[in-house]
Amino acid sequence: MALAKLIVDLPSGTWIGEVSAAHPDAVFRVLAAVPADETGVGLLEITSGELSAILAAIKDHEGIDVVEVLQATGNEALVQFETSQPFLLMAVRNSMVPLELPLRIAAGRANLELTVAHGRLSELTAQLESFGMSYEVESLRQSPASADLLSEKQRALLVAAVDRGYYDTPRTCTLTELAEGLGLAKSMLSERLHRVEGTVMKEFATGVEVTGSDSIA
């Protein structure tokens, strides 16, 4: 399982790409989205000092089929829309990746945050490219939260160690104190914690690339 953050460049010609690029200081947040066969329906929150101009641009864009302003107050508006250009939604749908909302879009770029299997992530990037969207990976790391990563007893041991301050800096609970509190021999506790720590760290480090700018010192 990977935790990924992607920055996707929205294609020119698409309504959200053109409108957000034309108003780079505005922030668009997709709060809900449903892709259909060739259309997409969504709920959009817009924050901008140029709200009137943005709403007019959305209504006039050929990529928008239906738009309704549900609420507008000051610099914020809530808009429901239907579009014939749901390319980002279709790429996500086709790759079978759960879309985590809200989705932030600004200056023609969308910020995707995903928790996904590596195979699905590869499929998503292929789908993005097929719809003419370039992207960059802002961050990618392994998730140590897999349900089968630790046994129930190992998870309970790890939680107890964290709760009692064994991993605090500085430590507020020594190995001896932790062993006494858990009713375990110190040597046995040390071995069990070492196994748990090794499992978690290996899972975290798998697939993580260290660049030249990531100094260990």
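Sequence order sets the numbering: in each chain, residues are counted from 1 along the sequence as written. Restriction of local features to residues with pLDDT of at least 70 applies here, the model being predicted, together with a cutoff of 80 or more for giving and counting side-chain atom pairs; totals for whole chains, interfaces and linings are based on all residues. In computing side-chain values, all of the structure's heavy atoms are included and hydrogens and water are not.

Enquirer: Please explain the overall build of the protein chain as it appears in this structure.
Expert: The number of helices and strands found in the protein chain is seven helices and eight strands. Within the protein chain, the proportion of its 217 residues that are buried is 35%. The criterion used for residue contact is that any of the two residues' heavy atoms lie within 4.5 Å. Put simply, of all contacts in the protein chain between residues at least 6 apart along the chain, 63% involve residues at least 24 apart. Accessible areas in this description were obtained via Shrake-Rupley with a 1.4 Å probe; residue shielding takes into account the shown protein chains only. If you sum the accessible surface of the protein chain, you get close to 12400 Å²; carbon and sulfur atoms cover 52% of it. Runs of H or I in DSSP of at least four residues are treated as helices and runs of E of at least two as strands, each being numbered from the N terminus. With a 1.4 Å probe rolled over the protein chains alone, any residue whose accessible area is under 20% of its type maximum counts as buried; one over 50% counts as exposed, and the rest are partly exposed.

Enquirer: Even after reading the chapter, I still don't get the packing of helix α3 (residues 87-94) against helix α4 (residues 118-130), so can you show me in this structure?
Expert: Simply put, an axis is a line fit to the C-alpha atoms, just over the touching stretch for a helix, and the angle between two N-to-C directions goes from 0 to 180 degrees. Following both chains from N to C, one finds α3 and α4 inclined at 145°, their axes separated by 8 Å at the closest point. The two elements α3 and α4 cross, and the hand of that crossing is right-handed. Contact with α3, carried on its side by L88, A91, V92 and N94, involves E123, L124, Q127 and L128 of α4 and no other residues of that element. Note that Gly is not counted as nonpolar here; it falls among the polar residues with everything else outside the nonpolar set of Ala, Val, Leu, Ile, Met, Phe, Trp, Tyr, Cys and Pro and the charged set of Asp, Glu, Lys and Arg. Looking at the contact of α3 with α4 residue by residue, the class counts come to five nonpolar, two polar and one charged. A clockwise turn of the near helix away from the far one marks a right-handed crossing, whereas an anticlockwise turn of less than a right angle marks a left-handed crossing.

Enquirer: Explain the nonpolar core to me, please; I cannot follow it from the model alone.
Expert: In a soluble, globular protein the nonpolar side chains are often hidden away together inside. V8, F28, I46, L88, I105 and L128 are the most contacted members of the largest nonpolar core, which totals 34 residues. For F28, the residues in contact, after removing those within four places along its chain, are I16, V19, S20, L44, E45, I46, I54, L103, R104 and I105. The term nonpolar core refers to a set of buried residues drawn from Ala, Val, Leu, Ile, Met, Phe, Trp, Tyr and Cys, joined through side-chain atoms within 4.5 Å. Within the second largest apolar cluster, nine residues are counted, among which are L157, Y166, C173 and L178.

Enquirer: What's the story with the environment of S52 in this structure? I'm lost.
Expert: Here S52 is to be found in helix α2 (residues 51-60). The exposure class of S52 is exposed, given its relative accessible area of 63%. Separated by 20 residues in sequence, S52 and A72 have C-alpha atoms that sit 9.7 Å apart.

Enquirer: Please clarify how the side chain of T83 should be interpreted in this entry.
Expert: With respect to the secondary-structure elements, T83 resides in strand β5 (residues 76-83). N or O atoms within 3.5 Å of each other form a polar contact, as long as, within protein, one can give a hydrogen and the other can take it, and as long as residues adjacent in sequence are counted only when both atoms are side-chain atoms. At 2.7 Å, the side chain of T83 and the backbone oxygen of G63 are in polar contact. Look past the residues within four positions of T83 in its chain and what remains in contact with it is W15, E38, T39, G40, G63, I64 and D65.

Enquirer: I would appreciate a short explanation of empty space enclosed by the protein in the present structure.
Expert: Cavity means a closed set of points on a 1 Å grid over the protein atoms alone, one where a 1.4 Å probe fits but cannot get out, pocket means an open set with protein on both sides within 12 Å along at least 5 of 7 lines, and lining means a residue has an atom within 4 Å of a point. Grid points are joined across faces, edges and corners, and a volume is the space filled by probe spheres set on the points. The final tally for this structure, using the stated rule, is one cavity of 30 Å³ or more. As a volume, the largest cavity reaches approximately 220 Å³. For the largest cavity, the lining is made up of 19 residues, of which I16, Q85, L88, L89 and I105 are closest to its centre. For the lining of the largest cavity, the secondary structure elements donating two or more residues are α1 (15-22), β2 (27-35), β3 (40-47), β5, α3 and β6 (103-106). By residue class, the composition of the lining of the largest cavity is 15 nonpolar, four polar and no charged.

Enquirer: Looking at this structure, I do not really get α4. What am I missing?
Expert: One full turn of an α-helix is made of 3.6 residues, so residues set three or four places apart face in the same direction. Compared with an ideal rise of 1.5 Å per residue, which puts 13 residues at 18 Å, α4 spans 19 Å between its outermost C-alpha atoms and is within 8% of the ideal. Among the residues of α4, L121, L124, T125, Q127 and L128 are the ones counted as buried. The buried residues of α4 occupy an angular sector of 160° when projected down its axis, which confines them to one face. Those residues of α4 that are exposed and angled more than 90 degrees off the buried face are G119 and S130. Phi turns positive one or two residues past the end of α4, at G132, with a value near 80°. By this rule, a helix spans an expected 1.5 Å times one less than how many residues it contains. Here, the arc refers to the directions that run from the helix axis to the C-beta atoms.

Enquirer: Please clarify how the packing of aromatic side chains should be interpreted in this entry.
Expert: What characterises a pair of aromatic rings is the spacing of the ring centres plus the angle enclosed by the ring planes. Only Phe, Tyr and Trp rings take part, Trp by its six-membered ring, and two of them pair if their centres are within 6.5 Å. Stacked means planes under 30 degrees apart, edge-to-face means over 60, and tilted covers everything else. Under the definition given, this model contains three aromatic pairs. Relative to Y167, the ring of Y166 lies with its centre 5.0 Å away and its plane at 80°, an arrangement referred to as edge-to-face. Overall, the relative accessible area of 8% leaves Y166 in the buried class. Taking the relative accessible area as the measure of exposure, Y167 reaches 32% and is therefore partly exposed. For a Lys NZ or an Arg CZ to count as sitting over a ring, it must be within 6 Å of the ring centre and within 35 degrees of the ring normal. Over the ring of Y166 we find R171; its NZ or CZ atom is 3.8 Å from the centre of that ring.

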